Amino acid sequence: MSDVDEEQISHNPGGLARQNYDMLHLVERLCDLVRTEAPVWNQPTTDVPLGVVKYAEYLKGVYKVKPCGEQWLRVVSKHYVTLSTIESIEDFPKEKEVTCTLAMIHAKIEEVKKLKRSITIDQVGVLGDGKRARCIIVEGIPGIGKSTFSWHLGVCWAQKEILHDYHLVVLLRLRDERVQHAKCVSDLFRYEEQPKQEHEAVMEWINSNKGDGVMMVLDGYDELSPDLQKSSIFANIIRGVVLPKMTVLVSSRPSANENLHQLCQDQKCQYIEVIGFGKEEIQEYVDAALGHNKELRDQLLSYLEYHPHIHGLMYCPLNCAIIVQIFRDQMKIRSQPPQTLTEVYQVLIKTVLKRHEQKSVEPPAAMKHKGTSTIPNNPSRFPWLGNVSDQTIPQLLVLAKLAYDGTNEDRLIFHGLTGTMETLGLLQEVPELYLESSGSSSYHFLHKTVQEFMAALHVSSLPPGERAEFIRTSFGKSNMTMVVRFMAGLTKFQSQDDIEGILAFQEEGGRRLLESLHWLFEAHDPGLVQKCMGHIEWTLQLYREDLDPFDCYVLGYCIANSRQPWNLSLLDCSINGQCVKMLMMVEKGRAFDYIKTIYLFCDYNYDEANHNYVLGDEGAIVLGKMLRGNKVLTSLQLRNCDIGPEGLSELCSALEVNTTLTELDLSYNTFDDHSLASLDTCGG
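Everything numeric in this text was worked out from a predicted model, so none of it was measured.

## A word on the overall build of the chain
Scanning the chain from terminus to terminus reveals 29 helices and 16 strands. Here the chain holds 684 residues, and 58% of them are scored as buried. Counting contacts in the chain only where the partners sit at least 6 residues apart, residues at least 24 apart contribute 82% of the total. Summing over all exposed atoms, the chain offers an accessible surface of approximately 29300 Å²; the carbon and sulfur share of this is 48%.

## Remarks on the packing of aromatic side chains
Here a ring pair, both rings aromatic, is described through the centre-centre distance and the interplanar angle of the planes. Per the counting criterion, the structure on display carries 16 aromatic pairs. Judged by centre distance (5.5 Å) and plane angle (85 degrees), the rings of Tyr63 and Trp151 are edge-to-face. Here Tyr63 is found in helix H3 (residues 50–65), whereas its partner Trp151 is found in helix H7 (residues 146–158), with 88 residues between them in sequence. Tyr63 gets classed as buried once you look at its relative accessible area, which sits at 1%. Exposure remark for Trp151: the relative accessible area of 2% places this residue in the buried category. Aromatic pair Tyr345 and Phe486: ring centres 5.7 Å apart, planes at 65 degrees, arrangement edge-to-face. A residue pair is termed long-range when its members are at least 10 positions apart, and Tyr345 in helix H17 (residues 341–359) and Phe486 in helix H21 (residues 481–491) qualify at 141 residues. A residue is classified by how much of its surface remains accessible, and Tyr345, at 2% relative accessible area, is buried.

## Here's the deal with the sheet that holds strand E12 (residues 538–543)
Ordered in space as E12-E13-E14-E15-E16, the five strands form an open sheet in which the pairing is parallel. At either margin of the open sheet sits one strand with a lone partner, and together these are E12 and strand E16 (663–665). The average undirected angle you get between the axes of adjacent strands in this sheet is 5 degrees. Contacts from helix H25 (residues 549–562) reach E12, strand E13 (566–571) and strand E14 (595–601) within the one sheet, and its direction differs from that of E13 by about 160 degrees.

## Section: the pairing of strand E4 (residues 168–173)
Among the six residues of E4, six are classified as buried, and the element is accordingly described as predominantly covered. Covered by surrounding structure in E4 are Leu168, Val170 and Leu172 together with Val169, Leu171 and Arg173, the residues of both alternating faces. Pairing analysis gives six bridges linking E4 to strand E5 (residues 214–219), with the strands arranged parallel. Within the sheet, the bridge partner assigned to Leu171 lies in E5 and is Val217.

## Examining the pattern of salt bridges
What the rule picks out here adds up to 23 salt bridges. Linking Lys294 and Asp298 is a salt bridge whose minimum nitrogen-to-oxygen distance equals 2.9 Å. In this pair, Lys294 and Asp298 are both assigned in helix H14 (residues 294–306), four residues apart and thus about one turn of the helix distant. When its relative accessible area of 52% is taken as the criterion, Lys294 is described as exposed.

## Here's the deal with the confidence of the model for the chain
When pLDDT is averaged across the chain, the result is 78; 76% of the residues are at 70 or more. Below a pLDDT of 50 lies the segment residues 1–45, which in the model reaches 94 contacts outside its immediate sequence neighbourhood of four places, other chains included. Every residue in residues 67–114 scores below 50 in pLDDT, and together they form 160 contacts with partners more than four places removed in sequence or on other chains.

## Some thoughts on helix H13 (residues 279–290)
The end-to-end C-alpha distance of H13, which contains 12 residues, comes to 16 Å, matching closely the 16 Å that a straight helix rising 1.5 Å per residue would cover. Restricting attention to buried positions, one finds in H13 the residues Glu281, Ile282, Tyr285, Val286, Ala288, Ala289 and Leu290.

## Re unusual backbone geometry
We note that Lys210 has phi near 55 degrees; this positive angle belongs to a residue other than glycine. In this structure, Arg544 is a non-glycine residue whose phi angle is positive, near 55 degrees.

## Details of the pairing of strand E6 (residues 247–252)
Of all the six residues making up E6, six are buried; the element is thus mostly covered by neighbouring parts of the structure. Bridge analysis of strand E3 (residues 135–139) against E6 gives five bridges, and the strand direction is parallel. By the bridge assignment for E6, Cys135 is matched with Val248. Note that E5 and E6 share five bridges and pair parallel. Bridged to Met215 within E6 is Thr247.

## A closer look at the state of the cysteines
Within the structure shown, the criterion is met by zero disulfides. Not part of a disulfide, Cys135 finds its nearest cysteine sulfur in Cys264, a span of 4.2 Å. Look at Cys135 and you get buried, because its relative accessible area is 0%. The structure places no disulfide on Cys602, whose sulfur is separated from the nearest cysteine sulfur, that of Cys641, by 4.0 Å.

Cut-offs applied
- For every chain, the first residue of its written sequence is number 1, and the numbers climb from 1 along that sequence.
- The predicted origin of the model limits local features to residues at a pLDDT of at least 70 and limits the giving and counting of side-chain atom pairs to 80 or more, whereas totals for whole chains, interfaces and linings rest on all residues.
- Hydrogens are left out, water is left out, and the side-chain values use all remaining heavy atoms of the structure.
- The numbering of helices and of strands both runs from the N terminus, where a helix is a DSSP run of H or I of at least 4 residues and a strand a run of E of at least 2.
- Think of it in three bands: with a 1.4 Å probe and only protein chains considered, a residue is buried below 20% of the maximum accessible area for its type, exposed above 50%, and partly exposed in between.
- Only heavy atoms enter the contact rule, under which two residues are in contact if any of them lie within 4.5 Å.
- In short, Shrake-Rupley with a 1.4 Å probe defines the accessible areas, and a residue's cover is counted only from the protein chains shown.
- For Phe, Tyr and Trp, where Trp contributes only its six-membered ring, two rings pair if their centres lie within 6.5 Å, and the inter-plane angle classes them as stacked under 30 degrees, edge-to-face over 60, or tilted in between.
- A pair of strands is labelled paired if DSSP reports no fewer than 2 bridges between them.
- Orientation is described by lines fitted to C-alpha atoms, with helices fitted over the stretch in contact, and by angles between N-to-C directions that extend from 0 to 180 degrees.
- Each salt bridge in this description consists of a side-chain nitrogen of Lys or Arg and a carboxyl oxygen of Asp or Glu lying within 4 Å of one another.
- Every residue carries a pLDDT, the predictor's confidence in it, which falls somewhere between 0 and 100.
- Any helix carries an expected span of 1.5 Å times its number of residues minus one.
- Disulfides are defined as pairs of cysteine sulfur atoms found within 2.5 Å of each other.

Here it is in structure tokens:
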């Protein structure tokens with residue numbers, strides 16, 4: 001076992017670091033793999049200058065010594081992530097390829113696997129016909145493991161496990177401002193203390209081979225500005241305008257894929273998605289982590305069953321590891337496990353701070369960030385920090401301000417931090433893989449969600465009036481959505497200014513109303529829901545909004561606790577059977593005691609790429625079971641919702657006992673004449 005592994009285990013004596021796993025072995029074990037031998041291409045010229053050899057050794061040294069996410073390993077467990085990569089169907093129509101990629105990112109993993117095939121890490125860059133891809137597009141939702149995947153490629157290359165025909169594998173984090181401001185391609189192949197002559201020799205070799213034998217990994221294409229995405233050094237590299245024989249791997253969130261696919265349209269591309277865990281992988285991870293303690297394992301599985309919003313986070317392997325570790329720690333001290341995402345990160349931050357204090361001999365030193373002032377200590381405002389040292393809290397608030405400034409500016413890497421750097425374990429140093437050193441270290445928070453939580457901590461420390469103004473000006477800014485939700489969970493909206501801000505937001509209806517429900521859920525106070533919503537009848541009217549199961553769980557929680565009548569009009573919105581199940585599960589299904597009307601109309605043509613967006617038989621069956629005992633719902637309109645014979649049969653059975661429903665519209669669904677006859681027998 002390496003020194004790094006032993007150190008990580010010493011910081012996590014009870015965690016999964018004791019399990020004798022390797023990340024690559026997890027990939028192979030948890031994915032349905034389709035193995036093919038990697039082809040042997042013509043090797044690049046062996047006449048490699050000494051400067052290239054030294055550059056390669058430098059890169060390999062960095063990959064081996066500074067593993068991605070090292071700080072996380074000390075908090076949760078050694079094996080915090082696995083990577084499931086899947087390749088797009090080769091014969092999928094080219095004009096639909098982008099649609100397929102975007103749609104499937106939001107589908108259930110089990111459904112994704114039916115449409116695409118799994119690949120192993122050694123197949124990255126290999127097309128179905130055995131030829132080498134010029135561009136490799138790695139997609140995935142935030143936090144799923146794209147950056148970890150990018151780093152892991154470098155580690156495997158450094159250990160000579162894969163990518164044997166590449167002399168250089170250069171990882172560039174596009175979130176780094178120094179990378180973004182590079183003036184020419186040669187700036188991207190530079191590292192600290194690299195002699196000028198060696199750098200010139202490296203560039204001469206790369207240019208003479210037109211990039212052959214080099215893989216450039218551009219991590220975080222979506223974090224470039226729109227202008228840089230379309231016209232920049234990086235755009236020219238992806239297009240093949242420069243170094244046309246260099247292999248380019250680009251990772252990105254779906255938000256930037258339209259521009260990215262346009263750049264790659266004339267290239268030989270391999271499309272890969274990092275899809276994380278499905279139900280089976282979550283179960284296997286829990287078994288591996290807690291299998292030695294059957295009682296604790298069963299308690300966690302029961303907890304997840306009744307908290308689907310927490311279970312829904314675990315598709316992201318990192319979240320899975322965090323939640324398992326937190327649950328284990330909370331059960332050890334006989335404390336209630338988290339009920340909201342805010343509570344998950346409160347426990348996580350407190351755990352990191354306590355571990356940091358245990359390692360620190362001296363109290364936290366003062367660190368100042370440009371533009372910040374001294375923040376007064378007031379521990380009573382943060383009771384959730386428990387017995388964290390009073391000396392730690394002022395420093396925590398300095399980091400909170402740093403996080404807020406970065407989030408507001410869409411900045412994830414921080415330069416120019418002055419004074420004695422005290423990270424409290426919440427930031428980690430960015431490995432220097434490229435470019436000349438700026439003279440000081442650069443840092444980023446352990447995860448973007450940690451940065452968002454810390455930004456919310458700063459907002460929650462502001463006076464109520466300023467918080468209300470922050471809410472008003474933040475709606476519609478994607479970088480602030482989670483910050484506002486976390487702020488709601490931290491403050492519990494205890495001031496009148498907070499409540500008035502919610503009421504003003506709700507009056508505008510639509511998406512604003514739905515977002516305000518997320519705030520109330522994070523605050524997790526039924527009395528607050530009553531105070532904000534327990535006075536009038538509500539109508540939620542949405543048009544072409546993507547609703548996920550968590551949205552519906554939140555909706556059900558607020559409907560049940562408002563104790564007021566509700567009307568739901570969801571026109572052309574994505575809402576499937578899982579969404580309806582969430583409405584039934586939260587608060588023991590009490591939401592349906594207050595819903596008077598439901599109107600769903602889906603303007604979709606059903607195919608395998610989007611059938612996860614519609615109600616279908618699964619949702620109709622849930623609604624049918626609900627109708628059997630419901631005495632409130634008077635109108636149910638399910639038009640063009642892909643309901644077939646099974647769903648119709650359940651609705652018919654419910655109509656035989658339901659005496660409240662007066663209007664049922666099932667037009668434009670997929671059942672046949674025989675099924676319609678059964679509806680007639682029910683009085684439909």
